[in-house]
Amino acid sequence: MAKAGDKSSSSGKKSLKRKAAAEELQEAAGAGDGATENGVQPPKAAAFPPGFSISEIKNKQRRHLMFTRWKQQQRKEKLAAKKKLKKEREALGDKAPPKPVPKTIDNQRVYDETTVDPNDEEVAYDEATDEFASYFNKQTSPKILITTSDRPHGRTVRLCEQLSTVIPNSHVYYRRGLALKKIIPQCIARDFTDLIVINEDRKTPNGLILSHLPNGPTAHFKMSSVRLRKEIKRRGKDPTEHIPEIILNNFTTRLGHSIGRMFASLFPHNPQFIGRQVATFHNQRDYIFFRFHRSEKKVGIQELGPRFTLKLRSLQKGTFDSKYGEYEWVHKPREMDTSRRKFHL
């Protein structure tokens, strides 16, 4: 049976060991440097040998300390190289070589044969005869129905209400258990040109179905990164009833061109620039980022919300038909996502 004296002696030895370890770390951190006003010594300048490996240090505190020193040394070397290069370019003046273009996934994109050429006669013919021709010829004006999945929760309902303030002449209706195949004929009978369905999972919006009426096509998107107006920091005031301008970026392929025309057909042709409101669909690496903002003279751009990100899952001919529908394009990850530089939109 251990005695009380033995316990006190063992605890004393442990405290001495901890104190010695702390003193050793303090000496390693500030050895050779002068103390500051508060008595804390600054860390010593790191000088690492070529074969030095921080992962071989077993002590966790010392390993963290040495890693911090190594990062500081890397930053100093990078900053010194930048300053040196800048001085050399200033000395050369106009004779300085052009700056190298950094390699990114976007500018190394694999060329797609279906990239749209604005002067292509085939593209012009398709645009004149596709399902959106009546809209672009100003024969029809958009009228949008926005609905949800069955039994929507508050977050999905608020997203639909906010979308109705972004898209002019849009109306929000609740499903009440009706199937989409029954909703679509009612929409056509009431002269709706598009149907938007917001799906949800675990009380969070996770999908969007956009169907152009009366003859399609129908696109299914995965929705992520949803932010409502109250969740956006430094947002502007609520949007007005002015018709916004629409901006479509980087829809370059035939598939992307069709998706861009679908988004464009949601908004009327005559934007009211006095409202200074802009709806942007920006495609980057097949992710479509939606932003709604207002341009201000003093602060530049104010985001109004909501915001979300879309990822195309499928494009179907005709209106929504999950059982017998004919698909123009379906995203197959194992077959299509073999290269990080291959994009479809």
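Residues numbered from 1 in each chain as written. Predicted model: local features only at pLDDT ≥ 70, side-chain atom pairs only at ≥ 80, totals over all residues. Heavy atoms only, no water.

The interhelical angle for the contact between helix 3 (residues 121–129) and helix 7 (residues 254–264), taken along N-to-C directions, is 30°, at an axis separation of 12 Å. As summarised for this structure, helix 3 and helix 7 are arranged roughly parallel, according to the angle between their axes. Like other packed secondary-structure pairs, helix 3 and helix 7 cross with a definite hand, here right-handed. Along the contact surface, helix 3 presents Glu122, Val123, Asp126 and Glu127, while helix 7 presents Arg254, His257 and Arg261. Tallied by class, residues from the contact of helix 3 with helix 7 come to one nonpolar, one polar and five charged. (Axes fitted to C-alpha atoms, helices over the stretch in contact; angles between N-to-C directions. Helix = DSSP H or I, 4+ residues; strand = E, 2+ residues; numbered from the N terminus. Parallel < 35°, antiparallel > 145°, perpendicular 65-115°, else oblique. Left-handed = near helix turned anticlockwise from the far one by under 90°. Contact = heavy atoms within 4.5 Å. Nonpolar A, V, L, I, M, F, W, Y, C, P; charged D, E, K, R; others polar.)

Our focus in this paragraph is the pairing of strand 5 (residues 218–227). Bridge count between strand 4 (residues 204–212) and strand 5: five bridges; the pairing is antiparallel. Looking at the pairing, Gly207 lines up with Lys222 of strand 5. A loop of five residues connects strand 4 with strand 5, the two strands running antiparallel in sequence, and Gly216 in this loop sits at a positive phi of about 85°. (Pairing = 2+ DSSP bridges.)

The end-to-end C-alpha distance of helix 2 (residues 60–92) is 48 Å, a good match for the 48 Å that 33 residues give at a rise of 1.5 Å each. The set of residues buried in helix 2 consists of Met66, Arg69 and Gln73. Where helix 2 begins, the side chain of Asn59 points an oxygen toward the backbone nitrogen of Gln61, at a separation of 3.0 Å. Of the residues one or two after helix 2, Gly93 is the one with positive phi, at around 65°. (Expected span 1.5 Å × (residues − 1). Buried < 20%, exposed > 50% of the residue type's maximum accessible area, 1.4 Å probe, protein only. Polar contact = N/O pair within 3.5 Å; in protein donor to acceptor, adjacent residues only side chain to side chain.)

Below, the discussion takes up a positive patch on the surface. On the surface, a cluster of positive charge is made up of Lys71, Arg75, Lys78 and Lys82. Looking at the element boundaries, Lys78 is found in helix 2. Its relative accessible area of 58% is what places Lys78 among the exposed residues. (Patch = residues over 30% accessible without salt bridge, like charges linked within 9 Å, V, L, I, M, F, W, Y side chains within 5 Å. Areas by Shrake-Rupley, 256 points an atom, 1.4 Å probe, with all protein chains shown as cover. Salt bridge = Lys/Arg side-chain N within 4 Å of Asp/Glu carboxyl O. Lys, Arg positive; Asp, Glu negative; His and termini not counted. Charge placed at Lys NZ, Arg CZ, Asp CG, Glu CD.)

Turning our attention to the pattern of salt bridges. Opposite charge on two side chains makes pairing possible when the charged atoms of those side chains draw close. Per the stated rule, a full pass over the model turns up 11 salt bridges. Notably, a salt bridge pairs Lys181 with Asp321, separated by 3.4 Å at the nearest N-O pair. Taken as a pair, Lys181 in helix 6 (residues 180–189) and Asp321 in the loop between strand 10 (307–316) and strand 11 (327–330) lie far apart in primary sequence, 140 residues in all. Glu303 is paired through a salt bridge with Arg307; the nearest N and O atoms lie 2.8 Å apart. Residue classification places Glu303 among the buried residues on the basis of a relative accessible area of 18%.

Moving on, we get to the environment of Val278. Note that Val278 resides in strand 7 (residues 277–284). Note: C-alpha distance between Val278 and Ile301 (23 residues apart in sequence) is 9.9 Å. Beyond its immediate sequence surroundings of up to four residues, Val278 is in contact with Pro244, Glu245, Ile247, Arg291, Phe292 and His293.

For the coordinates displayed, the defined rule picks out seven aromatic pairs. Measuring from ring centre to ring centre gives 4.8 Å for Phe290 and Phe308, while their planes differ by 15°; the resulting arrangement is stacked. With a gap of 18 residues between them, Phe290 in strand 8 (residues 287–296) and Phe308 in strand 10 connect regions that are remote in the sequence. Across this residue pair, the class does not change: Phe290 and Phe308 are buried. Three or more aromatic residues link up through ring pairs in this structure, and these residues are Phe221, Phe251, Phe263, Phe281, Phe290 and Phe308. (Phe/Tyr/Trp six-rings, centres within 6.5 Å; stacked < 30°, edge-to-face > 60°.)

Turning next to the pairing of strand 10. Counting buried positions along strand 10 gives eight out of 10 residues, so the element sits mostly inside the fold. Bridge count between strand 5 and strand 10: eight bridges; the pairing is antiparallel. When the bridges of strand 10 are listed, Lys222 appears paired with Lys311. Here strand 8 runs beside strand 10; their pairing, made up of four bridges, is antiparallel. Residue pairing across strands places Phe289 opposite Thr309, the latter belonging to strand 10. Bridge count for strand 10 against strand 11 is three bridges, and the pairing is antiparallel.

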